[in-house]
Amino acid sequence: MLTLIKKSTILTFFTSLLLYSNYSLAQEPDIDELKTQAITIVKKFGGTLKPLLKQTLNKGGVKQAIEVCSVEAPEIAKNLSLTTNWQIKRVSLKARNKHSATPDTWEKISLEEFNQRQQQGESAETIAKAEVVDNEFRFMKAQGVAPLCLTCHGSELSEETKAALKQYYPKDQAIGYSLGEIRGAISLTKKI
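Here the structure is a predicted model, which means the values were calculated and not measured.

*Asks:* Report on the overall build of the chain, specifying residues and quantitative values.
*Replies:* When you go through the chain residue by residue, the secondary structure sums to 7 helices and 4 strands. For the chain, the α and β elements follow one another from N to C terminus as α-α-α-β-α-α-β-β-α-α-β. The buried share of the chain, reckoned over its 192 residues, is 35%. The long-range fraction of contacts in the chain, counting pairs at least 24 apart against all pairs at least 6 apart in sequence, stands at 68%. Carbon and sulfur atoms form 56% of the exposed surface of the chain, whose accessible area is close to 12000 Å².

Structural data, given as structure tokens:
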């Protein structure tokens, strides 16, 4: 009888282990699917903000474009976060808005890696990183300086631009960039 109980207990243990293993495997995140989602969100963010900034700059000038960027970019990120269940933000080693653009440790390390990758010849357009960290899927896509960005992030700024930056971003550090340089990144996080 004792032998029968031991065999039954052992069989139950291994059956439970097998079921748990299958359950765990079924719960593993699909990293490729998460990357695809993240890339889609990054494109949606840029596809919403860039045309708005360009239109505002052409119609209302630099001051209005800076105002739109200070108000609308966080709203776009917030709305995308709500509709996608991802946390979305822009980060930079030289933050324009310290409150919302200062990178956490993982983002800072990633931005430094992005700069190294660019120095080794990789284009900002292709630089991205995806990683699972502490039960979160983290994704960052580098933001390179485009011609439009130089108006407010370049080395040679007009007096109007300097005054508007001082008004909307008194502690701004996000200037002095050149075309193609990595200015920051869009950072996405999803709990898994």
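Right, picking up where we left off after that structure.
*Asks:* Could you give me a rundown of the pairing of strand β3 (residues 136-144), with the residues and numbers involved?
*Replies:* Regular strands place their side chains on alternate faces of the sheet. Along β3, 8 of the 9 residues are buried, which leaves the element largely enclosed by surrounding structure. Summarising the sheet, strand β2 (residues 128-133) and β3 pair through 6 bridges and their orientation is antiparallel. Bridged to Glu131 within β3 is Arg138. The antiparallel hairpin formed by β2 and β3 contains 2 residues in its connecting segment, where Asp134 sits at a positive phi of about 50°. Bridging between β3 and strand β4 (residues 182-191) involves 9 bridges; their strand directions are antiparallel. In the sheet register, Glu136 faces β4, and the bridge partner there is Lys191.

*Asks:* Which residues make up the sheet that holds β2, and what values do they have?
*Replies:* Pairing is antiparallel across the open sheet formed by 4 strands, whose spatial order is β1-β4-β3-β2. A single partner strand is all that each edge strand has here, and the edge strands are β1 (87-91) and β2. Averaged over all neighbouring strand pairs, the angle between strand axes comes to 20°, with direction disregarded. The strands touched by helix α3 (residues 62-84) within the sheet are β1 and β4, with β1 carrying the most contacts at an inclination of about 150°.

*Asks:* Account for the layout of surface pockets, naming residues and giving values.
*Replies:* Computed from the structure, the largest pocket encloses a volume of approximately 830 Å³. As for the largest pocket, its lining consists of 37 residues, of which Lys50, Gln143, Gly144, Cys149 and Arg183 are closest to the centre. Elements that contribute at least two residues to the lining of the largest pocket include exactly α2 (31-60), α3, β3, α6 (150-153) and β4. Element by element, the count of residues in the lining of the largest pocket is highest for α2, at 10 residues. What lines the second largest pocket is a set of 20 residues, among which Arg90, Val91, Asn97, Ser100 and Ala101 lie closest to the centre. For the lining of the second largest pocket, the secondary structure elements donating two or more residues are α3, β1, α4 (98-101) and β4. A breakdown of the residues in the lining of the second largest pocket according to their chemical character gives 10 nonpolar, 6 polar and 4 charged.

What counts, and at which threshold
Residues numbered from 1 in each chain as written. Predicted model: local features only at pLDDT ≥ 70, side-chain atom pairs only at ≥ 80, totals over all residues. Heavy atoms only, no water. Helix = DSSP H or I, 4+ residues; strand = E, 2+ residues; numbered from the N terminus. Buried < 20%, exposed > 50% of the residue type's maximum accessible area, 1.4 Å probe, protein only. Contact = heavy atoms within 4.5 Å. Areas by Shrake-Rupley, 256 points an atom, 1.4 Å probe, with all protein chains shown as cover. Pairing = 2+ DSSP bridges. Axes fitted to C-alpha atoms, helices over the stretch in contact; angles between N-to-C directions. 1 Å grid on protein atoms, 1.4 Å probe; cavity = no way out; pocket = protein on both sides within 12 Å on 5 of 7 lines; lining within 4 Å. Points joined across faces, edges and corners; volume = space filled by probe spheres on them. Nonpolar A, V, L, I, M, F, W, Y, C, P; charged D, E, K, R; others polar.

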